[in-house]
Amino acid sequence: MMMRKPREYSDSESGSGVAHRKVSVDLGHPCNALCLNRDSSLLAVVGRKVFKILRLGLDQIEAQNDLRDLPHKALNLNYSSNDVQWNPKDDAQLASAPTNGSVVLWDLNMRTKNKLFHVFENEHSRAVNKLSFHPREPNVLLSGSQDSTMKTFDTRAKKSVQTYRAADCVRDVEFAPQFHENYFAACFDSGSLQIWDRRFPDSSIRAQSCHSGPAYCCSWHPDHEQWIMSAGRDKMIKVHDIQLGKLREVYIVPALFSVVRAKWRLGHKHHVTSCSLFLDNVVAVWDVRRPYIPFASFTEHSDDVTDFLWLNENVLISCSKDGKLVQQLMTKAQRPSEKATPVGLSFCPDGGVALACSDSIGYRNKATQSSMQYGTSRNPMMFRRPEVDPYQQAFLQHTSSLKEHKDTKNNPELRAFVQCATDYLLSGRPLHELCDHNYKVASGQGRHDVASHG
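Remember, predicted model here, so these are calculated numbers, not experimental data.

(A) Quick peek at the overall build of the chain. Across its full length, the chain holds 4 helices and 32 strands. Per-residue burial over the chain gives 49% buried out of 454 residues. Expressed as a percentage of contacts within the chain between residues at least 6 apart in sequence, the contacts between residues at least 24 apart total 48%. For the chain, the exposed area adds up to about 22200 Å²; of that, 48% sits on carbon and sulfur atoms.

In structure tokens form, the structure reads like this:
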């Protein structure tokens, strides 16, 4: 993961010099991946028929360079990419992962129209899925391929340095941020997440089977040094803690569809962002502390979203199979929690009923409670949150109550219990008479399990 400075926008979405509206660019062809340069002023977008450099301005995105704008005979598979990464220290250098198994370096400062600088050929026998530059050593590039290998390259010497062999197809690789200089993470078709030390190529230092299907992506937390996230086809987003020498799950988010991309939202420790492999055109933002409903969602695309990134904590840029690149604002995102049904009702065959209801619609009103023809409630569960400033993008969780009630009129067991409590004698007679009387009362109500004749 390339560590970059977030684009400087003010916290509010008003005032001069601040992005305040959606921007959409039609690229004409489906896109696979995108990345930003170190100061977030340039954006690279790639696909099977797309390789463009765009300049990001205030409420506008302008084309700066089309790396495929060459004679048809000059174009080959090196210009069709699964992934692209910008050098963290050099705005003129990019690396791309073509579909032919090569790794390609590009130099935007070349005076020729063709910016292809170098091709690492015959390094992988199958397509490369992901690339990652080392955040502090910009000449070290990592690749992960479908041929079950990972390689590091020296972009200065133009050669591969080390090979790391795995047992399955590599779906994603990412160097750790500044906390772990030699670590990188990788996820595989087997569903496993592994942590490798690049100094020891023989095996990973930590590994765990995290998903029931292929694990499509992994992402180190940019600020919390012990957290790493993984997501996959099993519709699960998982946050792992590596502090104790192993991968320990600390949060699990059950998404609605298979997750193909998952990344952390800048400036928010507990916010993760995801998009699905198919059947869903939404970019969802989740708060891992309340995982069952998205905190926010972006719905501007008409086809599957393939990649996205945060320009800063309030501005998201996404690309899709619909060929569009869209810049969207967090303040304009949909809030699914605000549209969620505030009342839940469930009936039990024995006559009981459970009711969950938002306190804001009057469930705790005495008149509402008195109108219910049930016995007293039990097992109250209260969930409360303090008042927060709505402009702080906090996840609003309404105060709610969960209560269970029993129908004492139609429930034979409860009716027998009430009758026994009414007819039992506890004093006023000799002990043997009290026991005999209470035995007859319990037997008469069919409560033979509690009847006892002394």
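We are not done yet, so read on.
(B) Layout of the packing of aromatic side chains. Under the criterion given, the structure shown has 10 aromatic pairs. A centroid spacing of 5.3 Å and a plane angle of 70° characterise the contact between Tyr79 and Trp106, whose relative ring orientation is edge-to-face. Of this pair, Tyr79 sits in the loop between strand E5 (60-66) and strand E6 (81-86) while Trp106 sits in strand E8 (residues 103-107), placing them 27 residues apart in sequence. In this structure Trp106 comes out as buried when scored by relative accessible area, which is 0%.

(C) Broad picture of the pattern of salt bridges. Inspection of the entire model under this criterion finds 15 salt bridges. Residues Lys113 and Asp69 are paired through a salt bridge, measuring 3.6 Å at the closest nitrogen-oxygen approach. Taken as a pair, Lys113 in the loop between E8 and strand E9 (116-120) and Asp69 in the loop between E5 and E6 lie far apart in primary sequence, 44 residues in all. We note a salt bridge from Lys151 to Glu123, for which the minimum N-O separation is 3.6 Å. Of this pair, Lys151 sits in strand E12 (residues 149-154) while Glu123 is found in the loop between E9 and strand E10 (128-133), placing the two residues 28 residues apart along the sequence.

(D) The environment of Pro336, seen in detail. In this structure, Pro336 sits in helix H1 (residues 336-339). With 41 residues separating them along the chain, Pro336 and Phe295 place their C-alpha atoms 6.9 Å apart.

(E) Spotlight on unusual backbone geometry. You will see that Ser40, though not glycine, has its phi angle at about 60°, which is positive. Note that Ser40 resides in the loop between strand E2 (33-36) and strand E3 (42-46). The phi dihedral of Asn122 is positive, around 60°, even though this residue is not glycine. Within the fold, Asn122 resides in the loop between E9 and E10.

(F) View of the nonpolar core. With 19 residues, the main nonpolar core has Leu27, Leu34, Leu43, Val45, Ile317 and Leu325 as its most contacted residues. Those elements that provide at least two residues to this core are strand E1 (23-26), E2, E3, strand E4 (51-57), strand E26 (305-312), strand E27 (315-320) and strand E28 (324-329). Broken down by element, the residue count for this core peaks at 3 residues, all from E27. Apart from the residues within four sequence positions on either side, Leu27 is in contact with Val45, Val50, Lys52, Leu54, Gly323 and Leu325.

(G) Fine view of the pairing of E28. In terms of residue burial, E28 counts as a mostly covered element, since 5 of its 6 residues are buried. The sheet contact formed by E1 and E28 spans 4 bridges and is antiparallel. Bridge pairing in E28 places Val25 opposite Leu325. One ladder, built from 5 bridges, connects E27 with E28; its direction is antiparallel. Residue Cys319 lies in a different strand from E28, and its bridge partner there is Leu325.

(H) Seen up close, the sheet that holds strand E22 (residues 259-264). Strands sit in the order E22-E23-E24-E25 across an open sheet of 4 strands; the sheet is antiparallel. A single partner strand is all that each edge strand has here, and the edge strands are E22 and strand E25 (296-298). Averaged over all pairs of adjacent strands, the angle between strand axes in this sheet comes to 20°, irrespective of strand direction. The sheet contact formed by E22 and strand E23 (residues 271-276) spans 5 bridges and is antiparallel. Paired with Trp264 across the bridge in E23 is Val272.

(I) Here's a closer look at the side chain of Thr152. Assignment of secondary structure puts Thr152 in strand E12. Those residues in contact with Thr152, other than ones at most four positions away along the chain, are Leu141, Leu142, Ser160, Val161, Gln162, Tyr164 and Phe175.

(J) Geometry of helix H4 (residues 431-444). The end-to-end C-alpha distance of H4, which contains 14 residues, comes to 20 Å, matching closely the 20 Å that a straight helix rising 1.5 Å per residue would cover. Where the residues of H4 are buried, they touch helix H3 (412-423). One or two steps after H4, the chain reaches Gly446, where phi turns positive at roughly 80°.

(K) Representation of the sheet that holds E28 in the model. Judged by pairing direction, the sheet is antiparallel, and its 4 strands sit side by side in the order E1-E28-E27-E26 without closing on themselves. Each of the sheet's edge strands pairs with one partner strand only, and the pair in question is E1 and E26. This sheet shows a mean twist of 15° between the axes of neighbouring strands, independent of strand direction.

(L) The environment of Phe278, seen in detail. Secondary-structure assignment places Phe278 in the loop between E23 and strand E24 (283-287). Phe278 sits in the partly exposed class, given a relative accessible area of 38%. Sequence separation of Phe278 and Asp304 is 26 residues, and the distance between their C-alpha atoms is 5.8 Å. Excluding residues that lie within four positions of it along the chain, Phe278 makes contacts with Phe257 and Asp304.

So, how was this worked out
Residues numbered from 1 in each chain as written. Predicted model: local features only at pLDDT ≥ 70, side-chain atom pairs only at ≥ 80, totals over all residues. Heavy atoms only, no water. Helix = DSSP H or I, 4+ residues; strand = E, 2+ residues; numbered from the N terminus. Buried < 20%, exposed > 50% of the residue type's maximum accessible area, 1.4 Å probe, protein only. Contact = heavy atoms within 4.5 Å. Areas by Shrake-Rupley, 256 points an atom, 1.4 Å probe, with all protein chains shown as cover. Phe/Tyr/Trp six-rings, centres within 6.5 Å; stacked < 30°, edge-to-face > 60°. Salt bridge = Lys/Arg side-chain N within 4 Å of Asp/Glu carboxyl O. Core = buried A, V, L, I, M, F, W, Y, C linked by side-chain atoms within 4.5 Å. Pairing = 2+ DSSP bridges. Axes fitted to C-alpha atoms, helices over the stretch in contact; angles between N-to-C directions. Expected span 1.5 Å × (residues − 1).

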